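Below are the chains, spelled out letter by letter.
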Amino acid sequence: MELSPSIIWLLAGSILIAFEVTILSGVGLLFAGLSAICVGVALITGWIESPTVQFITFFLITGFWAAALWRPLKNFMKSPQSGFDDMVGSIAVVCGDPIKSGQMGKVKWSGTIMKCKFALETEENVHLAPGTEVTIVEVSNGILIVRPNS
């Protein structure tokens, strides 16, 4: 089975967006993913054909998406009401490396791995091993602020 170029672009766009959401958040793969999907749609509609034009279109549309969405996404992440209020009070599970006081770590919440750090009132010299449950007390700039469960 041979995949058409339009299907390859659509798959590449989906994979780039999935990587942005799950593994490499904040890198800008969202813009490239949206661009790849646009190129795939342009191929399906017949607006472009040659591989050279496909890549030129991909880079131009990536720049467009970055220019159009950078500021709104940045403001969304910095706003105090960033839409993450439903997470506060929820339980997350430490994953990856142990979380230590004063350092960033990772937790898994609702199937999503997210960056986290301890709340300011957490005592020093706390180390939590993977699999340990924590409570989310705040979300700040896309980073979960957690405290150890008693």
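Residues numbered from 1 in each chain as written. Predicted model: local features only at pLDDT ≥ 70, side-chain atom pairs only at ≥ 80, totals over all residues. Heavy atoms only, no water.

### Observations regarding the overall build of the protein chain
Here is step 1: Secondary structure assignment for the protein chain yields 3 helices and 7 strands.
Here is step 2: Secondary structure elements of the protein chain occur, N-terminal to C-terminal, as α-α-α-β-β-β-β-β-β-β.
Here is step 3: Taking 15 Å as the expected radius of gyration for a compact globule of 150 residues, we find that the protein chain reaches 20 Å, considerably beyond that expectation.
Here is step 4: For the C-alpha atoms alone, the extent of the protein chain along its principal axes is close to 60 × 35 × 25 Å.
Here is step 5: Burial statistics for the protein chain: of 150 residues in total, 30% are counted as buried.
Here is step 6: Considering only contacts in the protein chain between residues 6 or more positions apart, those separated by 24 or more positions represent 52%.
Here is step 7: When the accessible area of the protein chain is evaluated, it comes to approximately 9600 Å², of which 63% is carbon and sulfur surface.
Here is step 8: Taking the average location of the 9 positive side-chain charges in the protein chain and that of its 11 negative ones, the two points are 7 Å from each other. (Helix = DSSP H or I, 4+ residues; strand = E, 2+ residues; numbered from the N terminus. Rg over C-alpha atoms; globule rule 2.2 N^0.38 Å. Buried < 20%, exposed > 50% of the residue type's maximum accessible area, 1.4 Å probe, protein only. Contact = heavy atoms within 4.5 Å. Areas by Shrake-Rupley, 256 points an atom, 1.4 Å probe, with all protein chains shown as cover. Lys, Arg positive; Asp, Glu negative; His and termini not counted. Charge placed at Lys NZ, Arg CZ, Asp CG, Glu CD.)

### Some remarks on the packing of aromatic side chains
Given two aromatic rings, one states the distance between the centres and the angle between the planes to describe the pair.
Here is step 1: Applying the stated criterion across every chain, the model contains 5 aromatic pairs.
Here is step 2: On the numbers, 6.2 Å between centres and 50° between planes, the contact of F31 with W70 is tilted. Of the two residues, F31 is situated in helix α2 (residues 29–45) and W70 in helix α3 (residues 51–78); the sequence distance between them amounts to 39 residues.
Here is step 3: Measuring from ring centre to ring centre gives 5.2 Å for F58 and F59, while their planes differ by 70°; the resulting arrangement is edge-to-face.
Here is step 4: Residue classification places F59 among the exposed positions, given a relative accessible area of 56%.
Here is step 5: Of the aromatic side chains, those joined through ring pairs into one cluster are W9, F55, F58 and F59. (Phe/Tyr/Trp six-rings, centres within 6.5 Å; stacked < 30°, edge-to-face > 60°.)

### Some points on the nonpolar core
It is characteristic of soluble globular proteins that their nonpolar side chains tend to be buried jointly.
Here is step 1: Ranked by internal contacts, the top residues of the largest apolar core, which has 16 residues, are M87, V107, V134, I136, L144 and V146.
Here is step 2: Listing elements by their share of this core, those giving two or more residues are β1 (91–95), β3 (105–109), β4 (112–118), β6 (133–140) and β7 (143–148).
Here is step 3: Setting aside residues up to four positions removed in sequence, I136 forms contacts with M87, V88, G89, S90, A92, W109, L144, I145 and V146.
Here is step 4: In this structure, A32, A36, I48 and F58 belong to the second largest nonpolar core, which totals 8 residues. (Core = buried A, V, L, I, M, F, W, Y, C linked by side-chain atoms within 4.5 Å.)

### Some remarks on the packing of helix α1 (residues 5–22) against α2
Here is step 1: Relative to each other, α1 and α2 sit at 165°, their axes nearing to 7 Å. One element, α1, and the other, α2, form an angle in the roughly antiparallel class. α1 and α2 meet at a crossing whose hand is left-handed. Of the residues in α2, those touching α1 at P5, S6, W9, L10, A12, G13, S14, L16, I17, F19 and E20 are L29, L30, A32, G33, L34, A36, I37, V39, G40, V41, L43 and I44.
Here is step 2: Partitioning the contact of α1 with α2 into residue classes produces 17 nonpolar, 5 polar and 1 charged. (Axes fitted to C-alpha atoms, helices over the stretch in contact; angles between N-to-C directions. Parallel < 35°, antiparallel > 145°, perpendicular 65-115°, else oblique. Left-handed = near helix turned anticlockwise from the far one by under 90°. Nonpolar A, V, L, I, M, F, W, Y, C, P; charged D, E, K, R; others polar.)

Functional significance is not addressed by these values, which are geometric in nature.
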